[in-house]
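# Understanding the architecture of this molecule
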Amino acid sequence: MGQLMEDRPRARRGSGELDGSGAESAHCSSARSSARLSRRSLAAVSATVCATAFLTSCSVNPATGERELSLVSEAQEIAIGRQNDEAIVAQYGLYPDEEWQRYIQDLGSRLAAASERPDLPWTFRVLDDPLVNAFALPGGFIYITRGILAHLNSEAELVGVLGHEIGHVTARHGASQMSKAMLAQLGLGVGAILAPEEAQSYGGLAVAATQLLFLKYGRDDERQADALGVRYSLREGFDARELVGVFETLGRVSAASGRSGLPGWASTHPSSEDRTERIQALVARSELPPRLEVGRDSYLRRLDGIVFGDNPRHGFFRGSTFLHPDMAFQLEFPEGWQTQNGRQAVVALSPQKDAVVQLTLAAGDSPQTAANSFFEQQGVLAGQAWSSGYSPDIARGFAVEDQQGQRVVEGWVAHVEQGDQLFQLLGYARPNVVAARGPALRASLSSLRPLRERRWLDVQPMRLQVAAVDRTEPVERVEALRSSIPQDEILLINRLDPGQTLQRGTLVKRVEGVDPSSD
């Protein structure tokens, strides 16, 4: 678990306090006059240097051919992307299928080679997340989830999504937003003007991966990325009109499924009424190769066997009980609390949003060393030992103080060794409610047990299966569409409408398996 509080420097009083005497007042008047002159002079110098910085920081956008202000160099883009790539992979995980990873890397690299920035260290990854999403980081780092792969219906659609994200990178949309953010912060802006070597170091430009991930580009950026995606698709011989189908699917997908911390592609890529018409117009105005590739059947066959939905091997909830088959443990969370299973932690939040239970893996070689590391954190105070029921019983109360010495949270912590795993269990609340929430928190922290029930230890994820329609008939009667998930969801992932007739031999997707959280 990270630090419980943010390190903030203490506010200090100035050293030039006055006693109000006449002599001091006269001196102060003179000093203030000089200060006003100095500030005006500094402002004039800063404005001059700023204008110079604007001119020297202008460059030609390689994808659009337009001049733009950029305070972020290509080397800095790459450094930022590479740094945050590590964080994203650690937080969300890669889909553990080498064939899929290699396929996406090869296809993405093919498109990127046809772009205006072919020499970036282009990296394409499939994230092991069920949400429908794709996004890009500066420097050529592109991510696509297995969730969106399951909702696409041709290779040309996949190319359209990858091309769109490549377009954000080649047009330097992320770098542009960072440059604007830097200029918007007056303190950083002055620092960048007066000390450019220090202010423009990689450390000064470090941007959290989650901030980059939640970027919402403006309408112009999205249109530009659409146009560039069409450009790259056509250059490689793919039918860019297939991107229209992606927009249709996204319009039917709910981004608010609550199954992941990632934002959905539909929510971060706003659509407009004329988006489909614009794509079609771009294609119509383009010089087309003799044959445009769609690749529907080949893509669907590749999808056969891909994990669909949440993977229960990574843990799942049955009511308020969390079960983890791979680590063979279970934990009871307070009834009625909002829960979330993430890669780094399993968390429950009280209905009043004033108390939290959190389970994470702990660093260290024993419960005692893990506890020592926890209490060595700045602002964390050790409380009385309490009986958690574990052996060894390394459990104590704790509190966290802010820089002013005020307690911001109070609670209990236990460090538990079970099998090959070392766990940290936290339960905490605001000081004014900790007494009321205490029984529920401590009961949850004391409930970690080995998972022994074979049906849960052996649970497997749901997977897509691809089959051919054996006769021409309406979708409601197609045997190949029979699945373990609702019919409307099957129609969605196949982009089919109720009452639509399918021809014999058409390949369709269905889902096999059972969701253990709802069976």
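Everything numeric here is computed off the predicted structure, so don't read it as measured data.

### Here we look at the pairing of strand E11 (residues 346-349)
In E11, alternate side chains face the same way, and those of Val346 and Ala348 are buried while those of Val347 and Leu349 on the opposite face are not. Pairing of strand E10 (residues 338-341) with E11 involves four bridges; the strand directions are antiparallel. Counterpart to Gln338 in the pairing with E11 is Leu349. Hairpin remark: E10 followed by E11, antiparallel, with four residues in the connecting loop. The pairing of E11 with strand E12 (residues 355-361) spans four bridges and is antiparallel. Residue Val346 lies in a different strand from E12, and its bridge partner there is Leu359. Where E11 hands over to E12, the hairpin turn is made up of five residues, of which Lys353 adopts a positive phi near 60°.

### Observations concerning the pairing of strand E18 (residues 462-468)
Where strand E6 (residues 307-308) lies against E18, two bridges are found, and the strand directions are antiparallel. By the bridge assignment for E18, Phe308 is matched with Met462.

### A few points about the packing of aromatic side chains
In this description, an aromatic ring pair is defined by two values, namely the gap between the centres and the angle between the planes. Summed over all chains, the structure comprises 12 aromatic pairs. Judged by centre distance (5.6 Å) and plane angle (70°), the rings of Trp100 and Tyr103 are edge-to-face. With Trp100 and Tyr103 both in helix H3 (residues 98-113), this residue pair falls three residues apart, about one helical turn. Across the pair, Tyr103 and Trp100 agree in class, each one buried. Put simply, the rings of Phe317, Phe322, Phe329, Phe333 and Phe423 touch in pairs and so form one group of aromatic residues. In this structure, Arg302 packs its charged tip against the face of Tyr103, placed 3.7 Å from the ring centre. Positioned above the aromatic ring of Trp412 is the side chain of Arg442, whose terminal nitrogen or guanidinium carbon lies 4.6 Å from the ring centre.

### Some thoughts on the side chain of Thr123
Relative to the helices and strands, Thr123 resides in strand E3 (residues 123-127). Look at Thr123 and you get buried, because its relative accessible area is 16%. Apart from residues lying up to four places away in sequence, Thr123 is in contact with Gln105, Gly140, Phe141 and Ile142.

### Re the sheet that holds strand E14 (residues 394-401)
Ordered in space as E10-E11-E12-E16-E15-E14-E13, the seven strands form an open sheet in which the pairing is antiparallel. Unpaired on one side and paired on the other, E10 and strand E13 (380-385) mark the two borders of the sheet. Averaged over all adjacent pairs, the angle separating strand axes in this sheet is 20°, with direction ignored. One ladder, built from seven bridges, connects E12 with strand E16 (residues 421-429); its direction is antiparallel. When the sheet's bridge partners are listed, Val357 is paired in E16 with Gly427.

### Here's the deal with helix H14 (residues 296-303)
The α-helix advances 3.6 residues per turn, and as a result positions three or four apart in sequence lie on the same side. Listed in full, the buried residues belonging to H14 are Tyr299, Leu300 and Leu303. End-on, the buried residues of H14 take up no more than an arc of 100°, which puts them together on one face. Positive backbone phi, at 95°, marks Gly305, one or two positions downstream of H14.

### Structural notes on the sheet that holds E6
Read from one edge of the open sheet, three strands run E6-E18-E21, paired in antiparallel fashion. Only two strands of the sheet have a single neighbouring strand rather than two, namely E6 and strand E21 (507-512). Across the sheet, H14 is in contact with E18 and E21; its angle to E21 comes to roughly 15°. Along the sheet face, helix H18 (residues 487-494) touches E6, E18 and E21 and points at about 135° away from the line of E21.

### Observations concerning the nonpolar core
Residues Trp100, Ile104, Ile144, Leu149, Leu158 and Tyr299 are the most contacted members of the largest nonpolar core, which totals 70 residues. Top contributing element to this core by residue count: helix H5 (residues 155-170), with seven residues. The two domains that each donate at least three residues to this core are domain 1 (74-185 + 208-303) and domain 3 (463-512). Beyond its immediate stretch of four places on either side in the chain, Ile104 contacts Phe124, Val126, Ile144, Leu149 and Leu158. Grouped together as the second largest cluster of nonpolar side chains are 25 residues, Trp337, Tyr390, Val416 and Val433 included.

### Looking at helix H16 (residues 434-445)
If you check H16, its first and last C-alpha atoms are just 15 Å apart, much less than what 12 residues at 1.5 Å a residue would give, namely 16 Å. The secondary structure elements touched by the buried residues of H16 are strand E9 (329-332), E12, strand E15 (407-418) and E16.

### Overview of the packing of H3 against H5
Contact geometry of H3 with H5 gives a least axis separation of 10 Å together with a crossing angle of 60°. By the angle between their axes, H3 is oblique relative to H5. Handedness of the crossing formed by H3 with H5: right-handed. Where H3 abuts H5, its residues Tyr103, Ile104, Leu107, Gly108, Leu111 and Ala112 lie against Glu155, Leu158, Val159, Leu162, Gly163 and Ile166. When the residues that make up the contact of H3 with H5 are grouped by side-chain class, the tally is nine nonpolar, two polar and one charged.

### Considerations on the pattern of salt bridges
Oppositely charged side chains are able to pair whenever their charged atoms sit close together. Here the structure, examined in full by the defined rule, presents 23 salt bridges. As a salt-bridge pair, Glu74 and Arg117 come within 3.3 Å of each other at their nearest N and O atoms. Taken together, the residues Glu74 in helix H2 (residues 74-92) and Arg117 in the loop between H3 and E3 connect sequence positions 43 residues apart. The partly exposed category is assigned to Glu74, whose relative accessible area is 43%.

The rules behind the values
- Residues numbered from 1 in each chain as written.
- Predicted model: local features only at pLDDT ≥ 70, side-chain atom pairs only at ≥ 80, totals over all residues.
- Heavy atoms only, no water.
- Buried < 20%, exposed > 50% of the residue type's maximum accessible area, 1.4 Å probe, protein only.
- Helix = DSSP H or I, 4+ residues; strand = E, 2+ residues; numbered from the N terminus.
- Pairing = 2+ DSSP bridges.
- Phe/Tyr/Trp six-rings, centres within 6.5 Å; stacked < 30°, edge-to-face > 60°.
- Lys NZ or Arg CZ within 6 Å of the ring centre and 35° of its normal.
- Contact = heavy atoms within 4.5 Å.
- Axes fitted to C-alpha atoms, helices over the stretch in contact; angles between N-to-C directions.
- Arc of directions from axis to C-beta.
- Core = buried A, V, L, I, M, F, W, Y, C linked by side-chain atoms within 4.5 Å.
- Domains from an automatic or database assignment.
- Expected span 1.5 Å × (residues − 1).
- Parallel < 35°, antiparallel > 145°, perpendicular 65-115°, else oblique.
- Left-handed = near helix turned anticlockwise from the far one by under 90°.
- Nonpolar A, V, L, I, M, F, W, Y, C, P; charged D, E, K, R; others polar.
- Salt bridge = Lys/Arg side-chain N within 4 Å of Asp/Glu carboxyl O.

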